[in-house]
Amino acid sequence: MKIFAISLVVLGAVMLIWTGFTYTKKEKIIDAGPIQVSADRQKSVNWPPYAGGILVVAGVVIFATTKKNG
């Protein structure tokens, strides 16, 4: 369970630093028989910074409340 908590903290910290990413997708504009026209479109995926903060807090709480083995 502690590994899961540490993973949440790391993921949350990454989400706080990088609030999204952009990728390029090829889309067909025209597809008329042998003639095809396509264009590269940039798409972006964003998330709010507080989502990373929630993950960090949840990871710390889980880590602090997990009982020691042994």
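Just so it is clear, the model here is predicted, and its values are computed rather than measured.

Enquirer: Sorry, what's going on with the pairing of strand 1 (residues 20-32) here?
Expert: Walk down a regular strand and you will see the side chains alternate between the two sheet faces. Pairing between strand 1 and strand 2 (residues 35-46): twelve bridges, direction antiparallel. Within strand 2, the residue paired with Thr24 across the bridge is Gln42. Hairpin geometry of strand 1 and strand 2 is characterised by an intervening segment of two residues between the two adjacent antiparallel strands and by a positive phi of about 65° at Gly33.

Enquirer: Explain the pattern of salt bridges to me, please; I cannot follow it from the model alone.
Expert: When the charged atoms of two side chains lie near each other, side chains of opposite charge can form a pair. In the structure shown here, the tally under the stated rule is four salt bridges. A salt bridge links Lys43 to Glu27; the shortest N-O distance between them is 3.2 Å. Of this pair, Lys43 sits in strand 2 while Glu27 sits in strand 1, placing them 16 residues apart in sequence. You can call Glu27 partly exposed: its relative accessible area is 23%. Each of Glu27, Arg41 and Lys43 takes part in a single network of salt bridges with overlapping partners.

Enquirer: Honestly, a nonpolar patch on the surface in this entry has me stumped. Any pointers?
Expert: Taken together, the side chains of Ile6, Val10, Val14, Leu16, Ile17, Trp18 and Phe63 define a hydrophobic patch exposed on the protein surface, amounting to about 680 Å² of accessible area. No other element matches helix 1 (residues 2-17), which puts five residues into the nonpolar patch. Topologically, Val10 is positioned in helix 1.

Enquirer: For this particular structure, what's the right way to read the packing of helix 1 against helix 2 (residues 49-65)?
Expert: To describe two helices that pack against each other, one gives the angle between their axes and the distance between the axes. In the contact formed by helix 1 and helix 2, the axes pass within 7 Å of each other and the chain directions differ by 160°. Looking at the two axes, helix 1 sits roughly antiparallel to helix 2. Considering the relative orientation of helix 1 and helix 2, their crossing is left-handed. Contacts from Lys2, Phe4, Ala5, Ile6, Leu8, Val9, Leu11, Gly12, Ala13, Met15 and Leu16 of helix 1 reach helix 2 at Pro49, Ala51, Gly52, Gly53, Leu55, Val56, Ala58, Gly59, Val60, Ile62 and Phe63. Among the residues forming the contact of helix 1 with helix 2, the class breakdown is 17 nonpolar, four polar and one charged.

Conventions used here
- Residues numbered from 1 in each chain as written.
- Predicted model: local features only at pLDDT ≥ 70, side-chain atom pairs only at ≥ 80, totals over all residues.
- Heavy atoms only, no water.
- Pairing = 2+ DSSP bridges.
- Helix = DSSP H or I, 4+ residues; strand = E, 2+ residues; numbered from the N terminus.
- Salt bridge = Lys/Arg side-chain N within 4 Å of Asp/Glu carboxyl O.
- Buried < 20%, exposed > 50% of the residue type's maximum accessible area, 1.4 Å probe, protein only.
- Patch = residues over 30% accessible without salt bridge, like charges linked within 9 Å, V, L, I, M, F, W, Y side chains within 5 Å.
- Areas by Shrake-Rupley, 256 points an atom, 1.4 Å probe, with all protein chains shown as cover.
- Axes fitted to C-alpha atoms, helices over the stretch in contact; angles between N-to-C directions.
- Parallel < 35°, antiparallel > 145°, perpendicular 65-115°, else oblique.
- Left-handed = near helix turned anticlockwise from the far one by under 90°.
- Contact = heavy atoms within 4.5 Å.
- Nonpolar A, V, L, I, M, F, W, Y, C, P; charged D, E, K, R; others polar.

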